Amino acid sequence: MFPKFTFIFGGAASGKSAYAEQLVVSSTRNRVYLATSQVFDAEMQAKIDRHILQRGAGWHTVETPLELADTLSELTVDDVCLIDCATMWLSNHLLAESDLALAQDRLLGAIADTAASVVVVSNEVGHGIVPENALARQFREAQGRLNIALAAKADLVISVTVGLPHVLKGQLP
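Residues numbered from 1 in each chain as written. Predicted model: local features only at pLDDT ≥ 70, side-chain atom pairs only at ≥ 80, totals over all residues. Heavy atoms only, no water.

Trainee: Give me the lowdown on the packing of aromatic side chains, citing residues and values where you can.
Mentor: Applying the stated criterion to the full structure yields 2 aromatic pairs. Centre to centre, the rings of Phe 7 and Phe 9 are 5.6 Å apart; their planes meet at 20°, and the pair counts as stacked. Just as Phe 7 is buried, Phe 9 falls in that class too. For the pair Tyr 33 and Trp 59, a centre-to-centre distance of 6.0 Å together with 85° between the ring planes defines the contact as edge-to-face. Within this pair, whereas Tyr 33 is found in strand 2 (residues 30-35), its partner Trp 59 is found in strand 3 (residues 59-63), the two being separated by 26 residues in sequence. Residue classification places Trp 59 among the buried positions, given a relative accessible area of 13%. Across from the ring centre of Tyr 33, 3.5 Å away, lies the NZ or CZ of Arg 55, which sits over that ring. (Phe/Tyr/Trp six-rings, centres within 6.5 Å; stacked < 30°, edge-to-face > 60°. Buried < 20%, exposed > 50% of the residue type's maximum accessible area, 1.4 Å probe, protein only. Helix = DSSP H or I, 4+ residues; strand = E, 2+ residues; numbered from the N terminus. Lys NZ or Arg CZ within 6 Å of the ring centre and 35° of its normal.)

Trainee: Let's hear about helix 4 (residues 86-95): which residues, and what values?
Mentor: Each turn of an α-helix holds 3.6 residues, which means side chains three or four residues apart point in the same direction. Taking burial as the measure, the 10 residues of helix 4 include 8 buried ones, the bulk of the element. Buried within helix 4 we find Ala 86, Thr 87, Trp 89, Leu 90, Ser 91, Asn 92, His 93 and Leu 94. Where the residues of helix 4 are buried, they touch helix 3 (68-73), helix 5 (100-113), strand 5 (117-123) and helix 6 (134-153). Backbone geometry just downstream of helix 4 places Glu 97 in the positive-phi region, at approximately 60°. (Contact = heavy atoms within 4.5 Å.)

Trainee: Account for unusual backbone geometry, with residues named and values stated.
Mentor: Cis peptide bonds are those with omega within 30 degrees of zero, and the linkage from Asp 84 to Cys 85 qualifies with 5°. Within the secondary structure layout, Cys 85 lies in the loop between strand 4 (79-84) and helix 4. At Thr 28, a position not held by glycine, the phi torsion is positive, near 65°. Tracing the sequence through the fold places Thr 28 in the loop between helix 1 (16-25) and strand 2.

Trainee: Help me get a handle on the nonpolar core, residues and values and all.
Mentor: If you look at the biggest cluster of nonpolar residues, it comprises 31 residues, and the most contacted ones within it are Leu 72, Ile 83, Ile 111, Val 120 and Leu 150. For this core, the secondary structure elements donating two or more residues are strand 1 (5-10), strand 2, helix 3, strand 4, helix 4, helix 5, strand 5 and helix 6. If one sorts the elements of this core by residue count, helix 5 sits on top with 6 residues. If near-sequence neighbours (up to four positions away) are discounted, Ile 83 is found in contact with Leu 34, Thr 36, Leu 68, Leu 72, Leu 107, Val 118, Val 119, Val 120 and Val 121. Within the second largest apolar cluster, 17 residues are counted, among which are Val 24, Tyr 33, Val 80 and Val 121. (Core = buried A, V, L, I, M, F, W, Y, C linked by side-chain atoms within 4.5 Å.)

Trainee: An account of the environment of Leu 172 is requested, with residue identities and associated values reported.
Mentor: For Leu 172, the location among the structural elements is in the segment after strand 7 (164-169). Contacts of Leu 172, omitting those with residues within four sequence positions, involve Tyr 19, Leu 156, Ile 158 and Val 167.

Trainee: Residues and numbers for the side chain of Asp 79, please.
Mentor: Looking at the element boundaries, Asp 79 is found in strand 4. Of the side chains bearing the opposite charge, Arg 29 lies closest to the buried Asp 79, which forms no salt bridge; the N-O distance is 8.2 Å. Setting aside residues up to four positions removed in sequence, Asp 79 forms contacts with Arg 29, Asn 30, Val 32, Ala 116 and Ser 117. (Lys, Arg positive; Asp, Glu negative; His and termini not counted. Salt bridge = Lys/Arg side-chain N within 4 Å of Asp/Glu carboxyl O.)

Note that all results are geometric; they support no functional claim without further evidence.
Here it is, written out as structure tokens:
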């Protein structure tokens, strides 16, 4: 049985997105990809293009850099939704000067309320040094709080390191 809510996290370029995609494909349900990235330069466009090729066909993609809750409310029990990624979503809200606590509560509520199964990908950013500037420190703290909240609500929590999944909570389907 596929979990209602799966949380997958790891460092940058750890293989977490590829693992999450494989997990979603294994569900055999309708695949919905909620893309949170925004394209501001050629480097980001190239990264997005690589992710699209990596995913392959069979996905319904919705670009939603801020309002994940609206899309989640429209999904059905026949869907499995991959949100890639919570880190970009949080960055978008931070730069938009959103109320981060309110945005986080809205996201957690939407995940709980949707009929679909949800897989959320996020970055672990707390293993490095303390950032030198206030914005980076604010982001690191907010990302840590978001990851803790997501993991607390998730049925399945997986850490991905060098492409290898480590189950921290729950059981793989």
